[in-house]
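Reading the structure
Here is how the chains run, residue by residue.
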Amino acid sequence: MTTEVKLPEAMGPYRIKSKLGQGGMGLVFHAVHETLERSVALKILPAELSADPEYVTRFLREARTIATLRHDNVVQVYDAGAVDGKYFIAMELVEGDSLGKYLQVKGRLSEPEALELLYQAAKGLAAAHGKGLVHRDIKPDNMLLDKEHKTLRIVDFGLVMEQTSTTQLTATGACLGTPQFMSPEQADGDKADARTDLYSLGVTFY
């Protein structure tokens, strides 16, 4: 028997309404900014990870990274910070489903639809790669579709790294990512570059 987790009422200026999902780097909630009355997707780093400097660094790096990207196919970040030692990221709320859920419901996509979504994902990745950033966790669950399933946005940059970085926030030989979609070099714990994301994108749309 599992115990239902009680939703926090608020996080700073954000009033929490419902839980949207959960990832490796935190819970995601539908929240509303009290002053602006703007709905957001609020990602909160779990308390047990907030005490770990490495996870805090990775979490805040995700916020800063997305904030530098202005592209229709990358989710937008509005705000980030900490309240009483709890870290959060306020992002654009995409009122739709992940590509993963869409595929579960619809099954195999038609070739034109698949190619259109592939093109959008590639454009979002090109924007990231143009900034020297590697996502490192491209998969259907990290791509959100709007209600009409026409526009795709890449999300969850929790494992992002700079291609020129000599430190990856990962121990040498360690493997981070989703095994079914990661490239061979990533699975071996080697340094990743833009080709790593393209491999994972190809696996996703295969």
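See the structure shown above.
Residues numbered from 1 in each chain as written. Predicted model: local features only at pLDDT ≥ 70, side-chain atom pairs only at ≥ 80, totals over all residues. Heavy atoms only, no water.

Description of the side chain of serine 183
Its place among the elements puts serine 183 in the loop between β11 (161–162) and α5 (184–187). Classification of serine 183 as buried rests on a relative accessible area of 1%. One polar contact links serine 183 to glutamate 185, side chain to side chain, over a distance of 3.0 Å. With sequence-adjacent residues up to four places away left out, serine 183 is seen in contact with Thr196, Tyr199 and Ser200. (Helix = DSSP H or I, 4+ residues; strand = E, 2+ residues; numbered from the N terminus. Buried < 20%, exposed > 50% of the residue type's maximum accessible area, 1.4 Å probe, protein only. Polar contact = N/O pair within 3.5 Å; in protein donor to acceptor, adjacent residues only side chain to side chain. Contact = heavy atoms within 4.5 Å.)

A look at the packing of helix α4 (residues 111–130) against helix α6 (residues 194–205)
Orientation of α4 relative to α6, taken along the N-to-C sense of each, is 165°, at an axis distance of 11 Å. As the angle between them shows, α4 and α6 are arranged roughly antiparallel. Considering the relative orientation of α4 and α6, their crossing is right-handed. Of α6, the residues touching α4 (which contributes Ala114, Leu117, Leu118, Ala121, Ala122, Leu125 and His129) are Ala194, Asp197, Leu198, Leu201 and Phe205. Each residue belonging to the contact of α4 with α6 can be placed in one class, and the counts come to ten nonpolar, one polar and one charged. (Axes fitted to C-alpha atoms, helices over the stretch in contact; angles between N-to-C directions. Parallel < 35°, antiparallel > 145°, perpendicular 65-115°, else oblique. Left-handed = near helix turned anticlockwise from the far one by under 90°. Nonpolar A, V, L, I, M, F, W, Y, C, P; charged D, E, K, R; others polar.)

Remarks on the sheet that holds strand β7 (residues 97–98)
The antiparallel open sheet is built from three strands, whose spatial order is β7-β9-β10. The open sheet has two free edges, formed respectively by β7 and β10 (152–154), since each of these has just one partner strand. Across three bridges, the pairing between strand β9 (residues 143–145) and β10 is antiparallel. By the bridge assignment for β10, leucine 145 is matched with leucine 152. (Pairing = 2+ DSSP bridges.)

Regarding the pattern of salt bridges
The full count for this structure, using the stated rule, is nine salt bridges. Ionic pairing is found between glutamate 34 and arginine 15, a salt bridge with its closest N-O pair at 2.9 Å. Of the two residues, glutamate 34 sits in the loop between β3 (26–33) and β4 (39–44) while arginine 15 sits in strand β2 (residues 14–23), which places them 19 residues apart along the sequence. Since its relative accessible area comes to 30%, arginine 15 is described here as partly exposed. Note that lysine 139 and aspartate 137 form a salt bridge whose closest N and O atoms lie 3.9 Å from each other. Aspartate 137 matches lysine 139 in its accessibility class, with the two residues each being buried. Through salt bridges that share partners, Lys43, Glu62 and Asp156 make up one connected network. (Salt bridge = Lys/Arg side-chain N within 4 Å of Asp/Glu carboxyl O.)

Remarks on helix α3 (residues 99–106)
Every buried residue of α3 is accounted for by Leu99, Gly100 and Tyr102. With its buried residues spanning 160° around the axis, α3 presents them on a single face. Exposed side of α3, more than 90 degrees from the buried face: Gln104 and Val105 are the residues found there. Where α3 is buried, its residues meet β7, α4, β9 and α6. Glycine 107 sits one or two residues past α3 and shows a positive phi near 85°. (Arc of directions from axis to C-beta.)

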